[in-house]
Structure formats: structure tokens, C-alpha cells
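Survey of secondary and tertiary structure
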Amino acid sequence: QVQLVESGGGLVQAGGSLRLSCAASGRTFSGYAMGWFRQAPGKEREFVAGISWSGGITYYADSVKGRFTISRDNVKNTVYLQMNTLKAEDTAVYYCAARRVGTITTQYGYDYWGQGTQVTVSS
């Protein structure tokens with residue numbers, strides 16, 4: 001069992017930055033690939049960014065490429081999402097998730113999910 005807790009969300013003006021954190025506890029964190037997903041009101045949950053268990057491979061949705069950076073610290077059992085140049089359309093609840101195997105960029109098949117953290121970008 002892995003427990004995931006997101007933090008760092010909030011209200012920010014367009015063009016600003018936020019850093020989300022996802023703290024993991026339970027089973028060995030380093031054995032899991034991690035993903036960040038988001039869900040805006042009335043929309044389906046979508047992939048934002050993902051990172052391999054070692055941190056050596058990262059993936060990004062086209063909509064955030066060049067603005068967001070995913071990273072992880074396997075000593076601190078934490079994955080981060082640095083979000084820069086935020087836009088109103090980035091407003092959503094952001095979730096982190098963990099999986100042992102499978103495709104990082106799809107929400108299907110993730111083993112564990114956090115409860116989410118709200119990010120609101122005012123224009």
C-alpha cells in the first residue's frame with residue numbers, strides 16, 4: 001500500500017508559478033513510476049506529466065511542455081511538479097498517482113492516487 005498526499009496548490013495570477021509536492025508513504029517509493037494528472041470542472045481527468053522510477057525519463061502533455069517540470073526525490077519519497085507561466089486553463093484539481101508497471105501517460109492502471117490539490121489561476 002502507498003499513501004499519497006499532495007500539497008502546494010492555491011490561487012495564483014496568470015503568469016505566476018506554483019510548486020506542487022506529492023509525499024508518499026508505505027511501500028518502497030522508488031519502485032513506482034509517478035504521474036501528475038488534473039481535472040477541470042466539467043472535463044475528464046487528463047495526463048499532465050510523468051516520471052520513471054529512477055527519474056531518468058520524463059513525459060509531458062503538449063499543453064504544459066516547456067512550462068512544467070516534474071522531478072522526484074527518492075530519499076524524501078516525494079515527487080514535485082514545478083509549474084511556471086501559469087494560464088487560466090491550468091485551473092484544475094491536480095492529482096498525483098503511482099504505478100509499478102504500464103504506460104505512464106495514461107490514467108488507467110495506476111495503483112494509487114492522492115486526494116488532489118486545487119490550483120486556481122486568475123486571469
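Relevant structure appears above.
Counting of residues starts from 1 at the beginning of each chain's written sequence and follows it residue by residue. Thresholds applied to this predicted model are a pLDDT of at least 70 for local features of residues and 80 or more for the giving and counting of side-chain atom pairs; totals over whole chains, interfaces and linings are not thresholded and use all residues. Note: side-chain values were computed over all heavy atoms of the structure, leaving out hydrogens and water.

1. Concerning the environment of Asn-84
What counts as a helix is a DSSP run of H or I of at least four residues, what counts as a strand is a run of E of at least two, and both are numbered from the N terminus. Looking at where Asn-84 falls in the secondary structure, it is placed in the loop between strand E8 (78–83) and strand E9 (92–99). Among all residues touching Asn-84, those that are not within four sequence positions of it are Gly-16, Ser-17, Arg-67 and Phe-68. Under this definition, polar contacts are N or O atom pairs within 3.5 Å; protein pairs additionally need one hydrogen-donor-capable and one acceptor-capable atom, and for neighbouring residues in sequence, both atoms have to be side-chain atoms. Within polar-contact distance, the side chain of Asn-84 engages the side chain of Ser-17 at 2.9 Å. The contact criterion used is simple: two residues touch if any of their non-hydrogen atoms lie within 4.5 Å.

2. A few points about the environment of Gln-118
Position of Gln-118 relative to the elements: it lies in strand E11 (residues 117–122). Distance from Gln-118 to Tyr-60, taken between C-alpha atoms, is 20 Å for residues 58 residues apart in sequence. Residues within four places of Gln-118 in sequence aside, it is in contact with Gly-9, Gly-10, Thr-91, Ala-92 and Val-93. Within polar-contact distance, the side chain of Gln-118 engages the backbone oxygen of Ala-92 at 3.4 Å.

3. Side note on the nonpolar core
To form a nonpolar core, buried Ala, Val, Leu, Ile, Met, Phe, Trp, Tyr and Cys residues must be joined to one another through side-chain atoms within 4.5 Å. Think of it in three bands: with a 1.4 Å probe and only protein chains considered, a residue is buried below 20% of the maximum accessible area for its type, exposed above 50%, and partly exposed in between. Of all hydrophobic cores here, the largest spans 36 residues; its most connected members are Leu-4, Met-34, Trp-36, Leu-81, Met-83 and Tyr-94. When contributions to this core are tallied by element, the ones reaching two or more residues are strand E1 (2–7), strand E3 (18–26), strand E4 (33–39), strand E5 (46–51), strand E7 (68–73), E8, E9 and E11. The element that contributes the greatest number of residues to this core is E9, accounting for five residues.

4. A word on the pattern of salt bridges
Each reported salt bridge corresponds to a side-chain nitrogen of Lys or Arg within 4 Å of a carboxyl oxygen of Asp or Glu. Counted by the stated rule, this structure contains four salt bridges. A salt bridge links Arg-38 to Asp-90, with the shortest nitrogen-to-oxygen separation between them at 2.9 Å. Within this pair, whereas Arg-38 is found in strand E4, its partner Asp-90 is found in the loop between E8 and E9, the two being separated by 52 residues in sequence. Each member of the pair, Arg-38 as well as Asp-90, carries the same accessibility label: buried. What you see here is one network of salt bridges that share partners, running through Arg-38, Glu-46, Arg-67 and Asp-90.

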